[in-house]
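# Analysis of the macromolecular model
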Protein chains: 2
Amino acid sequence: MNPSPVAVNAADTNGTTMSQMQSVEKQLREMILGLEIGPGERLTERWIERRFGASRTPVRAALLRLETEGLICRDGRGWTVSPINLAELEQIAVYREAVEVAAVRLTCTLSDKSVIDDIEAMLDSCDADTPREEWHRVGMDFHIELARLSGNDFLFRAVRDAMTRLSRARWLEVRDEAALGRAWTEHHAILAAVRAGNADAAARLLSAHIIGSRDRLVTSLHNDRRGLRARGFAVVAA
Amino acid sequence: MNPSPVAVNAADTNGTTMSQMQSVEKQLREMILGLEIGPGERLTERWIERRFGASRTPVRAALLRLETEGLICRDGRGWTVSPINLAELEQIAVYREAVEVAAVRLTCTLSDKSVIDDIEAMLDSCDADTPREEWHRVGMDFHIELARLSGNDFLFRAVRDAMTRLSRARWLEVRDEAALGRAWTEHHAILAAVRAGNADAAARLLSAHIIGSRDRLVTSLHNDRRGLRARGFAVVAA
DNA sequence: GATACCACTTTGGGATACCAAGTTGGTATT
DNA sequence: AATACCAACTTGGTATCCCAAAGTGGTATC
C-alpha cells in the first residue's frame, strides 16, 4: 500500500474513459473490498490523491459515494474504512431475508423461467478447481442476480448493496470446503423451487439459507476475532 | 424561485453551525420535497451556488448526496429533479411492504410496549383543525417511527428512504378528507395489533394498508396527470 | 427562406490556493 | 524528569481558477 504518484485512468468495459471520480471510486472500492486497506484503517484525502494521481475534487466525490455504500465512515475529522461490525452483520441478514424473500416470491410468478438457466449455469461454472475467490464472487452474484429477476429495482438494489456490505466479512470468514459445497447445494435447491413456481418453498429455503449463513458467518468471525485483530482488522463485537 | 445571492448558513437543532455542504443539502432537499422546485426541472450547479451563496465544492457534494437519495438524477451533463415515476411508485410500495412487514414483526416481539404510546400520541395529535401539511408529515412519520422500533437500522433506513421518495407524490395526491381519516384508522388498527403482540395480524393490516395506499395514490396521480403536467411537473407514466 | 458554419456563452469536471482547527514534536521552565 | 507551552505541520472545508465540451445565436451562403 505504498503511494505511487502515477495517474491511473481506468477505462470501463465500453472502452470509454471514466471520469476521475469514477476511477477513484472504483479503485478505492476494490481496495477496500479486497482488504488491501483493512477495516478500521484511517484514510486521508491527501493519501488518496497521491495514490491515484487525482486531485481533491474527484477524491472527495468518490469518498462521499463510498460513504453512502457504508464502506467508509466519518471519523470525526477524517475518514475510516468501516470496521467489521458483528451486530451490523446480524441486522443485515434480517434485512436481506426480508428483501430477498420478497424478490424471490415475485420471481416465482414469472412466466418465463428460462432466465433461471443463466443463474444455474453460473453456479455450475464452479468446480473443485475453481479458486476460492471465484466461489466467493459467484456466491454473492447468485443472490444479486436472483433479485434482479424480480424486476423490482428497489429490491434488486437493496440486495446488491447488502451483499456489498457483507462482502468483506464473507471473505474474512474461515470457511471450510464443506460450507462452500453446502451453500452450492442450497442455491440449487432454491433455484429448483423457483423453477417449479413454488413460492412458499423457495421463500422457506432462501430464508433458512440466509439465516444459516449468517449464523455460521458470525460464529466464524467471532471465534477468529483475535486472529483478525492481529492482522490489523478492526472487528467490533456484537 | 429567484436567486438571491445571500449566504444562508442554517444551524441545526444543536445550535452548532452546519457545514456549507450540509446546509445546501438540507435546504435543497426541502425545496425539492416541498415542490418549490418541480419534478423534472433542470438544475445547474451555478444556479445553486448563487441561490445559497455557497461555492461549488459544497454544492457538488450536496448534489451527490441528493442523487443517492433519488431526489435528483443525472441528465447527461447536468442535473434534473427526479420526475414523478408511476412505475417507480408501484415498485417502492412492494419494497416498503417487504421491509415494513419485517420490521413490524420484529417490533411485535418486543417486551416493552410502552414506546407504542409515543406513536399513538403522534397520531392523536392530528384533529380536524390540523393543517393538511401536518397530516402528511404525521402519516409519513408513523411508518418511519414504527420501523425504528424494530431496532434494525437497515430496515429503519430502508423505510425512511422509501418514504422520502414517496413524499412528493403523496403531497401531489388529490386526497379527500375521507382518505386521510381512512389512513388514520388503519394506522390505529396496526398499532393495536402490535400492542397485542399479534404479529400476523399486524403484518396483514400493514400489508393491506401499504398496497391500498399505493393503489389510491397511483390512481389519483394517473387521473390528475394533465393537471400536474400543466403545473410544470414531469410525471412519467407507469 | 433554408442551411451550413462559426464565434461566443454556459456548463460540469478538475486542479489548486487558502484557511481554520486540530496534532505533534520539541523546548524551556520548574 | 515532568510538565506547560508554542511553533510547525497536517487535515478537511471552502473558494476560485482553468479547461474541454456542449449548447446557442447570428451570419453568410446557396
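Scroll up to find the structure.
To keep things clear, this report deals only with the structure shown in the data block. Note that the structure is predicted; figures quoted are calculated from it, not measured.

### Topic: the interface of chain B and chain A
Chain B puts 25 residues into the contact, and the matching count from chain A is 25 residues. Both sides together, the interface formed by chain B and chain A hides about 1900 Å², and carbon and sulfur atoms give 67% of it. Ranking the residues of chain B by area buried against chain A places Gln-91, Tyr-95 and Phe-154 of chain B at the top, with a combined share of 33%. One can count 2 salt bridges joining chain B with chain A. Note that Glu-67 of chain B is salt-bridged to Arg-65 of chain A, the shortest N-O span being 3.1 Å. For the pair chain B and chain A, the interface holds 9 residue pairs in polar contact (both at pLDDT 80 or more). For the side of chain B that touches chain A, the elements supplying multiple residues, two or more each, are α3 (56-69), α4 (86-108) and α7 (153-172) of chain B. Top contributing element to the side of chain B that touches chain A by residue count: α4 of chain B, with 9 residues.

### Let's talk about the pattern of salt bridges
Working definition: two side chains of opposite charge can pair if their charged atoms are close together. Tallying each qualifying case throughout the model produces 46 salt bridges over all chains. The partner of Glu-49 of chain A in a salt bridge is Arg-46 of chain A, with the nearest N and O atoms 3.9 Å apart. Here Arg-46 of chain A and Glu-49 of chain A lie together in helix α2 (residues 45-52), a separation of 3 residues that amounts to about one turn. A salt bridge links Arg-56 of chain B to Glu-45 of chain B; its shortest N-O distance comes to 2.8 Å. Of this pair, Arg-56 of chain B sits in helix α3 while Glu-45 of chain B is found in helix α2 (residues 45-52), placing the two residues 11 residues apart along the sequence. With a relative accessible area of 14%, Glu-45 of chain B lands in the buried category. Taken together, the shared-partner salt bridges connect Glu-25, Arg-29, Arg-65 and Glu-69 of chain A together with Glu-67 and Arg-74 of chain B into one network.

### What about the relation of the copies chain B and chain A?
With an RMSD of 0.1 Å, chain B superimposes on chain A once it is rotated by 180° and translated 0.0 Å along the axis. Taken together, the rotation angle and the small translation identify this as a two-fold axis. Residue Ala-98 of chain B of chain B places its C-alpha closer to the rotation axis than any other residue of that unit, at 2.8 Å. A share of 100% of the interface residues of chain B reappears at the interface of chain A, consistent with the copies meeting face to face through the same patch.

### A word on the packing of helix α6 (residues 132-148) of chain A against helix α8 (residues 177-195) of chain A
Residue and element names in this part refer to chain A. Where α6 meets α8, the axes come as close as 11 Å, and the angle between the chain directions of the two elements is 25°. Compared by their axis directions, α6 and α8 come out roughly parallel. Regarding α6 and α8, the two cross each other, and that crossing is left-handed. Along the contact surface, α6 presents Arg-132, Trp-135, Gly-139, Phe-142, His-143 and Leu-146, while α8 presents Glu-177, Leu-180, Trp-184, His-187, Ile-190 and Leu-191.

### Details of the layout of surface pockets
Unfilled space is identified by rolling a water-sized probe across the atoms. Each pocket or cavity is described by its volume, and for the second largest pocket that value is around 1200 Å³. As for the second largest pocket, its lining consists of 42 residues, of which Pro-58, Arg-60, Ala-61, Leu-63 and Leu-64 of chain B are closest to the centre. The set of elements that each furnish at least two residues to the lining of the second largest pocket consists of α1 (20-33) and α3 (56-69) of chain A together with α1 (20-33), α2 and α3 of chain B. Looking at the lining of the second largest pocket residue by residue, the class counts come to 15 nonpolar, 10 polar and 17 charged.

### Structural notes on the sheet that holds strand β2 (residues 72-74) of chain A
Residue and element names in this part refer to chain A. If you trace the 3 strands from one edge of the open sheet to the other, you get β1-β3-β2, paired in antiparallel fashion. Single-partner strands in this sheet number two, and they are β1 (42-43) and β2. Where β1 meets strand β3 (residues 79-81), 2 bridges bridge the pair, whose relative direction is antiparallel. Note that in β3 the partner of Leu-43 across the bridge is Trp-79.

### Description of the nonpolar core
In terms of nonpolar packing, the biggest core is built from 60 residues, with Leu-89, Tyr-95 and Leu-221 of chain A together with Leu-89, Tyr-95 and Leu-221 of chain B touching the most fellow members. Secondary-structure elements contributing two or more residues to this core are α4 (86-108), α6, α7 (153-172) and α9 (199-223) of chain A together with α4, α6 (132-149), α7 and α9 (199-223) of chain B. If near-sequence neighbours (up to four positions away) are discounted, Leu-89 of chain A is found in contact with Ile-84, Leu-166, Ala-169, Arg-214, Leu-217, Val-218 and Leu-221 of chain A. Judged by nonpolar contacts, the second largest core, of 42 residues, contains Ala-61 of chain A together with Ile-37, Ala-54 and Ile-72 of chain B.

### Considerations on the packing of aromatic side chains
Aromatic rings considered in pairs are described by the distance between their centres and by the relative angle of their planes. Applying the stated criterion across every chain yields a total of 2 aromatic pairs over all chains. The residue whose ring lies beneath Arg-157 of chain A is Phe-154 of chain A, and the NZ or CZ to ring-centre distance is 5.0 Å.

Definitions and limits used
Residues numbered from 1 in each chain as written. Chains lettered and ligands numbered in written order. Predicted model: local features only at pLDDT ≥ 70, side-chain atom pairs only at ≥ 80, totals over all residues. Heavy atoms only, no water. Contact = heavy atoms within 4.5 Å. Buried area = accessible area lost by both parts, 1.4 Å probe. Salt bridge = Lys/Arg side-chain N within 4 Å of Asp/Glu carboxyl O. Polar contact = N/O pair within 3.5 Å; in protein donor to acceptor, adjacent residues only side chain to side chain. Helix = DSSP H or I, 4+ residues; strand = E, 2+ residues; numbered from the N terminus. Buried < 20%, exposed > 50% of the residue type's maximum accessible area, 1.4 Å probe, protein only. Least-squares fit on C-alpha atoms with pLDDT ≥ 70 in both. Axes fitted to C-alpha atoms, helices over the stretch in contact; angles between N-to-C directions. Parallel < 35°, antiparallel > 145°, perpendicular 65-115°, else oblique. Left-handed = near helix turned anticlockwise from the far one by under 90°. 1 Å grid on protein atoms, 1.4 Å probe; cavity = no way out; pocket = protein on both sides within 12 Å on 5 of 7 lines; lining within 4 Å. Points joined across faces, edges and corners; volume = space filled by probe spheres on them. Nonpolar A, V, L, I, M, F, W, Y, C, P; charged D, E, K, R; others polar. Pairing = 2+ DSSP bridges. Core = buried A, V, L, I, M, F, W, Y, C linked by side-chain atoms within 4.5 Å. Phe/Tyr/Trp six-rings, centres within 6.5 Å; stacked < 30°, edge-to-face > 60°. Lys NZ or Arg CZ within 6 Å of the ring centre and 35° of its normal.

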